[in-house]
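# Coordinate inspection notes
Now for the letters of each chain:
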Amino acid sequence: MKRSLVIFYAIITYAVAELIWWGYMLVKLQPERSGMIMGEGCMFVGVFFLGAFYLHKSMNRERKLQEQKKNFLLSVTHELKSPLASIKLLLQTIQKRDLTKAQVLDFIDKSLNDIERLDDMVENMLLASKIENRSYTFPKASFNLSNLVDNIVNRLQISKCDCNQQIINAEIEPKIEITGDKFALTSVVTNLIENAVKYSKPCQSVDVRLYRSEGQILFEVADNGIGIADIEKARIFDRFYRVGSEETRNTKGTGLGLYIVKQVLDKHQASIKVKDNNPSGSIFEVTFA
């Protein structure tokens, strides 16, 4: 891509130099027509630079997309290898060691958690692909959103502290019904809560709220993590977009979660806002009309 940009700029420079030279020669040979030559020359230069500008913009966009795809492949490779290695180690331990029933059940639970993590990632990639190809129709039906959020919170509840502290604090108003695509909205809730946990330090709590207000349904996920810079907030919903590069980033992810969130909510005529939490962290607020 860098070589292409060098060639592009070289061609532009050569073309401009040639244009100036031939313009000078025409004016010198036909001074009585210098006004017409200068006018046509200016028009040609304007069109030329306008085309060059849009071509340059397109090349930059393609370069950024290639970088994002590279980061995506690196992150997916890591995301696949980690849980697979963990599952393999746990199963080998069960196979080769004489464990108590309680230890075996604990290892099986940990393996199932890793399998669910893999399943979530695969579902995200499939859904993102279908959304991108416009092959997903978002079938809608009425369902209990309160139960859905409660089930996801219980599944994602993680103990990161020695004291087995629950890090997801949920405040869920019961019996909230909504009409929508249950599968896609499950992905929305899962991605928002997983992101909050992912970007929080161990033992930092994540607050999840689902409630009604002024005839609207609101779903909020608040963390006390690293927060999001204002300059990044407009881009976090782009496909593959993640801050930094995979070589230097510590947090896991593929850059598809928030892209899916935004696309699904748009299909449900719902909005999402990103706000700063106090004193640190972020608040994602989803509003269903």
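Residues numbered from 1 in each chain as written. Predicted model: local features only at pLDDT ≥ 70, side-chain atom pairs only at ≥ 80, totals over all residues. Heavy atoms only, no water.

## Brief notes about the nonpolar core
Note on soluble globular proteins: their nonpolar side chains tend to be buried together. Among the nonpolar cores identified, the biggest contains 46 residues, and Leu 145, Leu 192, Ile 193 and Phe 219 are the most heavily contacted of them. For this core, the secondary structure elements donating two or more residues are helix H3 (101-132), helix H4 (145-156), helix H5 (182-198), strand E4 (206-213), strand E5 (216-223), helix H7 (257-267), strand E6 (270-276) and strand E7 (282-288). Of all the elements, H5 adds the most residues to this core, at 8 residues. Non-local contacts of Leu 145, meaning those with residues more than four positions away in its chain, are made with Ile 176, Ile 178, Leu 210, Ile 217 and Phe 288. (Core = buried A, V, L, I, M, F, W, Y, C linked by side-chain atoms within 4.5 Å. Buried < 20%, exposed > 50% of the residue type's maximum accessible area, 1.4 Å probe, protein only. Helix = DSSP H or I, 4+ residues; strand = E, 2+ residues; numbered from the N terminus. Contact = heavy atoms within 4.5 Å.)

## Considering a nonpolar patch on the surface
Nonpolar side chains collect at one region of the surface, where Leu 105, Ile 108, Leu 112 and Ile 115 lie side by side and expose about 330 Å² of accessible area between them. Relative to the helices and strands, Ile 115 is located in helix H3. (Patch = residues over 30% accessible without salt bridge, like charges linked within 9 Å, V, L, I, M, F, W, Y side chains within 5 Å. Areas by Shrake-Rupley, 256 points an atom, 1.4 Å probe, with all protein chains shown as cover. Salt bridge = Lys/Arg side-chain N within 4 Å of Asp/Glu carboxyl O.)

## What to know about H4
Relative to the 16 Å expected for 12 residues at 1.5 Å per residue, H4 spans 17 Å between its end C-alpha atoms, a close match to the ideal helical length. Here H4 starts with a cap whose side-chain oxygen sits 2.9 Å from the backbone nitrogen of Ser 146, and that cap is Asn 144. (Expected span 1.5 Å × (residues − 1). Polar contact = N/O pair within 3.5 Å; in protein donor to acceptor, adjacent residues only side chain to side chain.)

## Topic: the packing of H5 against H7
In contact at an axis separation of 9 Å, H5 and H7 are set at 140° when each is read in the N-to-C sense. Put simply, H5 runs oblique to H7. In this structure, H5 meets H7 at a crossing whose hand is left-handed. Two secondary-structure elements touch here, H5 through Ala 184, Leu 185, Ser 187, Val 188, Asn 191, Leu 192 and Asn 195 and H7 through Gly 257, Leu 258, Ile 260, Val 261, Val 264 and Leu 265. Across the contact of H5 with H7, the residue classes break down as 9 nonpolar, 4 polar and no charged. (Axes fitted to C-alpha atoms, helices over the stretch in contact; angles between N-to-C directions. Parallel < 35°, antiparallel > 145°, perpendicular 65-115°, else oblique. Left-handed = near helix turned anticlockwise from the far one by under 90°. Nonpolar A, V, L, I, M, F, W, Y, C, P; charged D, E, K, R; others polar.)

## As for the side chain of Thr 190
Counting through the fold element by element, Thr 190 comes out in helix H5. Under the relative-accessibility criterion, Thr 190 is labelled buried at 6%. In terms of polar contacts, Thr 190 uses its side chain to reach the backbone carbonyl oxygen of Thr 186, at 2.8 Å. Setting aside residues no more than four positions away along its own chain, Thr 190 makes contact with Asp 120, Ile 152, Arg 155 and Leu 156.

## What about the sheet that holds strand E2 (residues 168-172)?
Read from one edge to the other, the open sheet built from 5 strands follows the order E2-E4-E5-E7-E6, with strand pairing classed as mixed. The open sheet is flanked by E2 and E6, the only strands paired with a single partner. With strand direction ignored, the average angle separating the axes of adjacent strands in the sheet is 15°. Strands in contact with H4 are E2, E4, E5 and E7; relative to E2, the strand with the most contacts, it is inclined by about 170°. (Pairing = 2+ DSSP bridges.)

## Observations concerning the packing of aromatic side chains
Enumeration over the complete set of coordinates arrives at 2 aromatic pairs. Aromatic pair Tyr 136 and Phe 138: ring centres 4.8 Å apart, planes at 85°, arrangement edge-to-face. Relative accessible area serves as the criterion here: at 16%, Tyr 136 is assigned to the buried category. Assessed through its relative accessible area of 9%, Phe 138 is described here as buried. When the ring of Tyr 136 is compared with that of Phe 183, the centres are 6.3 Å apart and the planes differ by 55°; the resulting orientation is tilted. (Phe/Tyr/Trp six-rings, centres within 6.5 Å; stacked < 30°, edge-to-face > 60°.)

## A word on the environment of Phe 107
Structurally, Phe 107 can be placed in helix H3. Assessed through its relative accessible area of 18%, Phe 107 is described here as buried. It is 7.7 Å that separates the C-alpha atoms of Phe 107 and Ile 94, two residues lying 13 residues apart in sequence.

Read these as layout, nothing more, since geometry by itself doesn't imply function.
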